[in-house]
Amino acid sequence: GAVVSQHPSRVICKSGTSVKIECRSLDFQATTMFWYRQFPKQSLMLMATSNEGSKATYEQGVEKDKFLINHASLTLSTLTVTSAHPEDSSFYICSASRGPSSYEQYFGPGTRLTVT
Amino acid sequence: AQTVTQSQPEMSVQEAETVTLSCTYDTSESDYYLFWYKQPPSRQMILVIRQEAYKQQNATENRFSVNFQKAAKSFSLKISDSQLGDAAMYFCAYRDQETSGSRLTFGEGTQLTVNP
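Scoring rules and cut-offs
- Residues numbered from 1 in each chain as written.
- Chains lettered and ligands numbered in written order.
- Predicted model: local features only at pLDDT ≥ 70, side-chain atom pairs only at ≥ 80, totals over all residues.
- Heavy atoms only, no water.
- Helix = DSSP H or I, 4+ residues; strand = E, 2+ residues; numbered from the N terminus.
- Rg over C-alpha atoms; globule rule 2.2 N^0.38 Å.
- Buried < 20%, exposed > 50% of the residue type's maximum accessible area, 1.4 Å probe, protein only.
- Contact = heavy atoms within 4.5 Å.
- Lys, Arg positive; Asp, Glu negative; His and termini not counted.
- Charge placed at Lys NZ, Arg CZ, Asp CG, Glu CD.
- Areas by Shrake-Rupley, 256 points an atom, 1.4 Å probe, with all protein chains shown as cover.
- Polar contact = N/O pair within 3.5 Å; in protein donor to acceptor, adjacent residues only side chain to side chain.
- Salt bridge = Lys/Arg side-chain N within 4 Å of Asp/Glu carboxyl O.
- Pairing = 2+ DSSP bridges.
- Axes fitted to C-alpha atoms, helices over the stretch in contact; angles between N-to-C directions.

Colleague: Sorry if this is basic, but what is going on with the overall build of chain A here?
Modeller: From N to C terminus, chain A includes zero helices and 11 strands. Shown N-terminal to C-terminal, the secondary structure of chain A runs as helices and strands in the order β-β-β-β-β-β-β-β-β-β-β. In terms of overall dimensions, chain A is globule-like: its C-alpha atoms have a radius of gyration of 13 Å, near the 13 Å expected for 116 residues. Each principal axis of the C-alpha atoms in chain A carries an extent, and together these give about 40 × 25 × 25 Å. Counting across all 116 residues of chain A, residues that qualify as buried make up 53%. If you take every contact in chain A between residues at least 6 apart in sequence, the share linking residues at least 24 apart comes to 55%. When the 11 positive and 9 negative side-chain charges of chain A are each reduced to one mean point, those points stand 6 Å apart.

Right, dumping it as structure tokens:
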């Protein structure tokens, strides 16, 4: 159990457009979901934490108006990159937790975003 | 703020040999969790092993074991009988015991190469 999916796995979009990435917990309810960004050969950088039904908490330096996060249900969180630019090209990974007291995060397979 | 440091950007090991990956962390908390994650070329994050800080016994999972030194804030991963499939980026991660957030703090990663 504890499977997390992400869609799409790869996306290419034109500069100035918006793109939405979905993160779903397939076999459990995820009270908390996390969004990470990872550049090549680097570590995961936490962008934001979202709790179902409430506003996401963004890390310092992450533009909340550019990276819109919605966690409308216990199995789905979305990350929308608005007005994308080439520097937003990266690998985006989500993870899900059963709740604040759960020690484990279950990771999605990631989404590679390329902005042309 | 908690920090996690992996001082070995790259390591290599011969197949069937043993390798140890280093990790140190800094925290003022007494209760927390430590993890080792593996990220193969597929980029899927895979939990290798976890350690609860209150447990004195070192965690083991088959060929993977840790050396947890709480006073020294050290958490190394030993891979025995290395296999070609162990080649990956390995991340050490820390999580507070506190019930709010359950966010992970990752180290910079160690790229492990397994030579046949």
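Colleague: Whenever I open this one, the overall build of chain B confuses me. Can you help?
Modeller: Helix and strand counts for chain B stand at zero helices and 12 strands. From first element to last, N terminus to C terminus, chain B shows the α and β order β-β-β-β-β-β-β-β-β-β-β-β. Computed over its C-alpha atoms, the radius of gyration of chain B comes to 14 Å, within 12% of the 13 Å expected for a compact globule of 116 residues. Seen through its principal axes, chain B has C-alpha atoms that stretch 45 × 30 × 20 Å. The buried share of chain B, taken over its 116 residues, is 47%. The long-range fraction of contacts in chain B, counting pairs at least 24 apart against all pairs at least 6 apart in sequence, stands at 56%. A total accessible area of about 5700 Å² is found for chain B, and carbon and sulfur atoms account for 44% of it. Distance between charge centroids for chain B: 4 Å, based on 10 positive and 13 negative side chains.

Colleague: Could you clarify how one ought to interpret the side chain of A:Gln38 in this entry?
Modeller: Within the secondary structure, A:Gln38 is located in strand E4 (residues 32–38). Of note is the side chain of A:Gln38, whose polar atom sits 2.9 Å from the backbone oxygen of A:Gln42.

Colleague: Can you walk me through the pattern of salt bridges in this structure?
Modeller: Close approach of charged atoms allows side chains of opposite charge to pair. One pass over the full model with this rule turns up seven salt bridges over all chains. Note that A:Asp88 and A:Lys66 form a salt bridge whose closest N and O atoms lie 2.9 Å from each other. Taken together, the residues A:Asp88 in the loop between strand E8 (76–81) and strand E9 (90–97) and A:Lys66 in the loop between strand E6 (57–58) and strand E7 (67–73) connect sequence positions 22 residues apart. Take A:Lys66: its relative accessible area is 11%, and that puts it in the buried class. Each of B:Arg50, B:Glu52 and B:Lys55 takes part in a single network of salt bridges with overlapping partners.

Colleague: Looking at this structure, I do not really get the sheet that holds strand E1 (residues 4–7) of chain A. What am I missing?
Modeller: Within a beta sheet, neighbouring strands are joined by backbone hydrogen bonds and run either parallel or antiparallel to one another. Residues and elements named next belong to chain A. The strand order across the open sheet formed by four strands is E1-E3-E8-E7, and the pairing between neighbours is antiparallel. The open sheet is flanked by E1 and E7, the only strands paired with a single partner. The average angle at which neighbouring strand axes cross in this sheet is 15 degrees, direction not considered. Pairing of E1 with strand E3 (residues 19–25) involves four bridges; the strand directions are antiparallel.

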